[in-house]
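Architecture at a glance
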2 protein chains.
Amino acid sequence: MTEPVNRELGVALLGMGTVGAEVARILIDNADDITARVGAPLAIRGIAVRDIAKDRGVDPALLTTDAASLIDRDDVDIVIEVMGGIEPTRTHMLRALQAGKSVVTANKALLAEYTGELADAANRARADLYFEAAVAGAIPVIRPLQQSLAGDSVELVAGIVNGTTNFILSNMAEKGEAYETVLAEAGRLGYAEADPTADVEGYDAASKAAILASIAFHTRVTADDVYREGITSVTAADIEAAKAFDCTIKLLAICERFTDAAGEQRVSARVYPALVPLKHPLASVDGAYNAVFVEAENAGRLMFYGAGAGGAPTASAVMGDVVMAARNKVHSGRGPLDSVYANLPVAPIGDVHTRYYVAMEVADRPGVLSAVANEFSARNVSISTVRQQADTPDRGARLVILTHKAPDAALSATVEALKNLDVVTAVSSVLRLEGTND
Amino acid sequence: MTEPVNRELGVALLGMGTVGAEVARILIDNADDITARVGAPLAIRGIAVRDIAKDRGVDPALLTTDAASLIDRDDVDIVIEVMGGIEPTRTHMLRALQAGKSVVTANKALLAEYTGELADAANRARADLYFEAAVAGAIPVIRPLQQSLAGDSVELVAGIVNGTTNFILSNMAEKGEAYETVLAEAGRLGYAEADPTADVEGYDAASKAAILASIAFHTRVTADDVYREGITSVTAADIEAAKAFDCTIKLLAICERFTDAAGEQRVSARVYPALVPLKHPLASVDGAYNAVFVEAENAGRLMFYGAGAGGAPTASAVMGDVVMAARNKVHSGRGPLDSVYANLPVAPIGDVHTRYYVAMEVADRPGVLSAVANEFSARNVSISTVRQQADTPDRGARLVILTHKAPDAALSATVEALKNLDVVTAVSSVLRLEGTND
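Conventions and cut-offs
- Residues numbered from 1 in each chain as written.
- Chains lettered and ligands numbered in written order.
- Predicted model: local features only at pLDDT ≥ 70, side-chain atom pairs only at ≥ 80, totals over all residues.
- Heavy atoms only, no water.
- Helix = DSSP H or I, 4+ residues; strand = E, 2+ residues; numbered from the N terminus.
- Rg over C-alpha atoms; globule rule 2.2 N^0.38 Å.
- Buried < 20%, exposed > 50% of the residue type's maximum accessible area, 1.4 Å probe, protein only.
- Contact = heavy atoms within 4.5 Å.
- Areas by Shrake-Rupley, 256 points an atom, 1.4 Å probe, with all protein chains shown as cover.
- Lys, Arg positive; Asp, Glu negative; His and termini not counted.
- Charge placed at Lys NZ, Arg CZ, Asp CG, Glu CD.
- Salt bridge = Lys/Arg side-chain N within 4 Å of Asp/Glu carboxyl O.
- UniProt positions renumbered as here; feature names shortened; annotations may be inferred.
- Least-squares fit on C-alpha atoms with pLDDT ≥ 70 in both.
- Buried area = accessible area lost by both parts, 1.4 Å probe.
- Polar contact = N/O pair within 3.5 Å; in protein donor to acceptor, adjacent residues only side chain to side chain.
- Nonpolar A, V, L, I, M, F, W, Y, C, P; charged D, E, K, R; others polar.
- Pairing = 2+ DSSP bridges.
- Axes fitted to C-alpha atoms, helices over the stretch in contact; angles between N-to-C directions.
- pLDDT = per-residue confidence, 0-100.
- Parallel < 35°, antiparallel > 145°, perpendicular 65-115°, else oblique.
- Left-handed = near helix turned anticlockwise from the far one by under 90°.

Re the overall build of chain A
In terms of regular secondary structure, chain A is built from 14 helices and 17 strands. The C-alpha radius of gyration computed for chain A amounts to 24 Å, which stays within 12% of the reference 22 Å derived for 438 residues, consistent with globular compactness. When burial is assessed residue by residue, chain A has 61% of its 438 residues classed as buried. Within chain A, contacts between residues separated by at least 24 positions form 74% of all contacts whose residues are at least 6 apart in sequence. Carbon and sulfur atoms form 48% of the exposed surface of chain A, whose accessible area is close to 16,300 Å². Measuring between centres, the 39 positive side-chain charges of chain A sit 2 Å from its 57 negative side-chain charges.

As structure tokens, this is what we get:
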């Protein structure tokens, strides 16, 4: 049944970088298909850019530096935000939503701070706020969490959501090379930016963890709530040691719902490099690919896999949102509202139960293991596996310990105590182990 | 921002088998969460079953054998259909939709035949028709295809969508056992039904292929349009031979859009056991798990993975649809309409370009390969790899050939010609190879 074609809908595009250029291309090249899917044609009313002199392969009459006036136009129904940054972007988004215009954005940093404010504005104006592209690029993960799992209870979301760090860790594992070597290669290949801090220190993943946790647990979680460690101190030796435990190392964004000792539901959002068992579906997600693993009470284990970045994949996610927002305009409907009814407390990292991997240089004499083991048992931390690695002539032996699950605070206190032990020369690495049920 | 709670919405549940019992449990146990997500409480008005005398762990006053009267109740807003079968189910669904009630169904066989009729009824009454649970159980795949990829062009969907056959093929590959042995084991473990025909002959997967192709390509595809082969003739020797080509064998439901020689867009939907390269993401989907691999023009390669069957996972998908349908009732909105605007012609299998794997017993004498190769080249089929397997004293040699892509009709004509060659004792296996770009 063909739907009647309605009045043209106007689109304002803010930003024309890698993603914006692809969004414009799709809007223009696929206009007929989009019209059929929406039930009305979409027309680009204007594109806000910083420099209108630059040739961008589109009608120059569309370009403007005045984003606010573009947003305000009466014939703009949908605002696509791919300009990035916090301000003036936030002000633009609020302006659009307050005027009842639907907003589609890929801006994870903005959302990780201001989803509450933006969602309130959208709710008041009964406008749509969509952001599938903000997490894991082309991989549909926001919509499945918000809609497909709307009748289930999500228990865990564990994602490889940053392509740069996954490229680096995959290559370190594959080639046995050092972090710095692979980082330099990633830069040459365009997988790492000139200043890679946001990626390698986990800030990008932490923004995404905040968004995922908010949606999965119906609770407002911001980037500040996310515990964060980057990958800069992961060594080739760690990856070798992980292999000996049939694991690899991945930077994970983990969102977890758990019941604390008092029987209360709490959520945790955290980003860190972790050992992942090779048989876990996340372990084989290599290179610049992303994947989001979900455990829900009834659905069980799910995984979503695909390209996590890049102009065309991200534009695909943006355009899915644009088509849905446009359909809602045509049919006077609205997408799912932002819903934070559960409002669960966010637990500090110390209260989270995790497993630790601790590598240390120790004196090569009797009694060392006993002294080390004492520090674990003194804090009720149970050891799962001990591995003594080949002696190094000048520095004694290398001891690697995997623990069972324990409160992170007890684990980190144990590590501090180990550093003060006479027999421990140095604690060389502390990582967590995820993806097991022990 | 908490939404105002609206009037109670009434739910009619048709069927209380494995899935229905889980749906009822979730509706009752998770009532508070569901109310928060919908913005209104959901109440079960009744459950239609065949035998009301049986104890089902719910209030017996809810049970009825009169599905039609239950559907007709003024206080029923949403009908959940998990009773299965074609009639009277189809009549019930149409009755509900015509009365403007939203329908959530997991009935792939019904949808594969009657989606057109049901969608027309839904469109006329502006009611929702949701069926996420009909394909790949708990794995969100309908909604991602319909919504997340609404701004993209899907080129290929290749799914492992039948748990029984995947369990059988995985176990054959792992243990080197014969089809019959593993089928018997699957029956003992509850992975295969007493009459496994619908699974092992590919009928179940063909229904799902029809649904996936319809949504991916905005074209009405029914089960009759789907080319189908089952797994009953796959042998342990085929799986061994596949391993030698770094492949495994999977039953795939493939939906493909392609441009034919005349430059016209056509679609193909087909189900058959195929060799899949071990490095392809689908190859490592083992046991009763399902996965759907998607290639789209802009999004690139995506994969969705999870539990494809079972009461709780299927109920999770049903409940996601129920919550979305209920939200639409509360907000007077509607989900995406059935849209078959593209209406592309479905190509017969003979016009599809595939790669063949052909295993044959041949005479062990000079000139055999040349005679065999002649039959391929006579039909413009290019050979990729030839492998001669260990001689069998009484039957000559075993020859295995992989082709490049060619029209299926040319490939199948080649196989017919090979059967008539003097030097070919028997063509023992013909399978296709998928998941490569050659």
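After that view of the structure, there is still more to cover.
Remarks on the pattern of salt bridges
Considering all chains together, one arrives at 48 salt bridges over all chains under this definition. The closest approach of N and O atoms between Lys175 of chain B and Glu185 of chain B, which form a salt bridge, is 3.3 Å. Of this pair, Lys175 of chain B sits in helix α7 (residues 163-175) while Glu185 of chain B sits in helix α8 (residues 179-188), and the two are ten residues apart along the sequence. For Arg379 of chain B, the salt bridge goes to Glu375 of chain B, with nearest N and O atoms at 3.0 Å. Here Arg379 of chain B falls in the partly exposed class, since its relative accessible area comes to 28%. Within this structure, Glu8, Arg45, Arg73 and Asp75 of chain A form a network of salt bridges that share partners.

Concerning the UniProt feature "binding site: NADPH" (unreviewed entry) in chain A
Residues and elements named next belong to chain A. Under the UniProt annotation, "binding site: NADPH" (unreviewed entry) lies at Lys108. Within the secondary structure, Lys108 sits in helix α5 (residues 108-125). Not counting the four nearest positions on each side in its chain, Lys108 is found in contact with Ala134, Asp204, Ser207, Lys208 and Ile211.

Topic: the relation of the copies chain B and chain A
Superposition record for chain B on chain A: RMSD 0.0 Å, screw rotation 180°, translation along axis 0.0 Å. Expressed as an axis order, the relation between the two copies is that of a two-fold axis. Interface overlap between copies is the fraction of interface residues in one copy that are interface residues in the other; for chain B against chain A it reaches 98%, indicating a shared surface.

Re the interface of chain B and chain A
Each partner contributes residues to the interface: chain B has 56 residues there, and chain A has 55 residues. Taking both sides of the interface into account, the surface hidden between chain B and chain A amounts to around 4,800 Å²; carbon and sulfur atoms contribute 52%. At the junction of chain B with chain A, the criterion picks out zero salt bridges. In this assembly, chain B and chain A are joined by 18 residue pairs in polar contact (both at pLDDT 80 or more). Mapped by element, the contributors of at least two residues to the side of chain B that touches chain A are α1 (18-29), α2 (31-38), α5 (108-125), α6 (142-148), β12 (300-307) and α12 (311-330) of chain B. Here the side of chain B that touches chain A gets eight residues from one element, more than from any other, and that element is α12 of chain B. Of the residues belonging to the side of chain B that touches chain A, the class tally is 26 nonpolar, 15 polar and 15 charged. Of the strand pairs in this sheet, strand β12 (residues 300-307) of chain A and β12 of chain B are connected by five bridges, and their pairing is antiparallel. In the strand pairing of β12 of chain B, Leu302 of chain A is matched with Gly306 of chain B.

Quick word on the pairing of strand β13 (residues 353-362) of chain B
Residue and element names in this part refer to chain B. Among the ten residues in β13, nine count as buried, and that is most of the element. As paired elements, β13 and strand β16 (residues 406-407) share two bridges and run antiparallel to each other. The partner of His353 across the bridge, within β16, is Pro407. Sheet topology places β13 next to strand β17 (residues 424-433); eight bridges connect them, and they run antiparallel. Pairing of Ala359 across the sheet is with Ser429, part of β17. With six bridges joining them, β13 and strand β15 (residues 396-403) adopt antiparallel strand pairing. What sits directly across from Val362, in β15, is Ala397.

Quick notes on the environment of Val58 of chain A
Note on placement: Val58 of chain A falls in the loop between β2 (42-48) and β3 (63-64). C-alpha separation for the pair Val58 of chain A and Ile47 of chain A, spaced eleven residues apart in sequence, amounts to 9.6 Å.

Notes on the UniProt feature "active site" (unreviewed entry) in chain A
All names here are of chain A. The sites that carry the UniProt feature "active site" (unreviewed entry) are, in the present numbering, Lys208. The exposure class of Lys208 is buried, given its relative accessible area of 6%. Lys208 has contacts with Lys108, Ala134, Val135 and Val161, leaving out every residue within four places of it along the chain. Side-chain polar atoms of Lys208 contact the backbone oxygen of Val161, separated by 2.7 Å.

Some details on the sheet that holds strand β2 (residues 42-48) of chain B
Residue and element names in this part refer to chain B. Sheet architecture is open: six strands sit in the order β3-β2-β1-β4-β5-β6, paired in parallel fashion. Each end of this open sheet is capped by a strand with a single partner; those strands are β3 (63-64) and β6 (129-130). By the bridge criterion, four bridges tie strand β1 (residues 9-14) to strand β4 (residues 78-81) in an arrangement that is parallel. Within β4, the residue paired with Leu14 across the bridge is Glu81. Where helix α4 (residues 89-98) meets the sheet, its contacts fall on β1, β4, β5 (102-105) and β6, and the angle it forms with β4 comes to roughly 165°.

What about the sheet that holds strand β6 (residues 129-130) of chain A?
Residue and element names in this part refer to chain A. One open sheet holds the six strands; their spatial order is β3-β2-β1-β4-β5-β6, and the pairing between them is parallel. With partners counted over all chains shown, the strands left at the sheet margins are β3 and β6, one partner each. Bridge count between β2 and β3: two bridges; the pairing is parallel. Residue pairing for β3: Ile47 is matched across the bridge by Leu63.

What to know about the confidence of the model for chain A
Residue and element names in this part refer to chain A. Of the residues in chain A, 97% reach a pLDDT of 70 or more, and the chain-wide mean stands at 93. The low-confidence segment residues 1-5, where pLDDT is below 50, has 16 contacts with residues more than four positions distant or belonging to other chains. Complex prediction metrics read pTM 0.93 and ipTM 0.91.

Regarding the packing of α1 of chain B against α12 of chain B
Residue and element names in this part refer to chain B. Two elements in contact, α1 and α12, have axes whose closest approach is 8 Å; the angle formed by their N-to-C orientations is 60°. The angle between α1 and α12 places the two elements in the oblique class. For the pair α1 and α12, the crossing hand works out as right-handed. Only Gly311, Ala312, Thr314, Ala315, Ser316, Val318 and Met319 of α12 make contact with α1, whose side of the interface consists of Thr18, Val19, Glu22, Val23, Arg25, Ile26 and Leu27. Here the residues of the contact of α1 with α12 sort into eight nonpolar, four polar and two charged.

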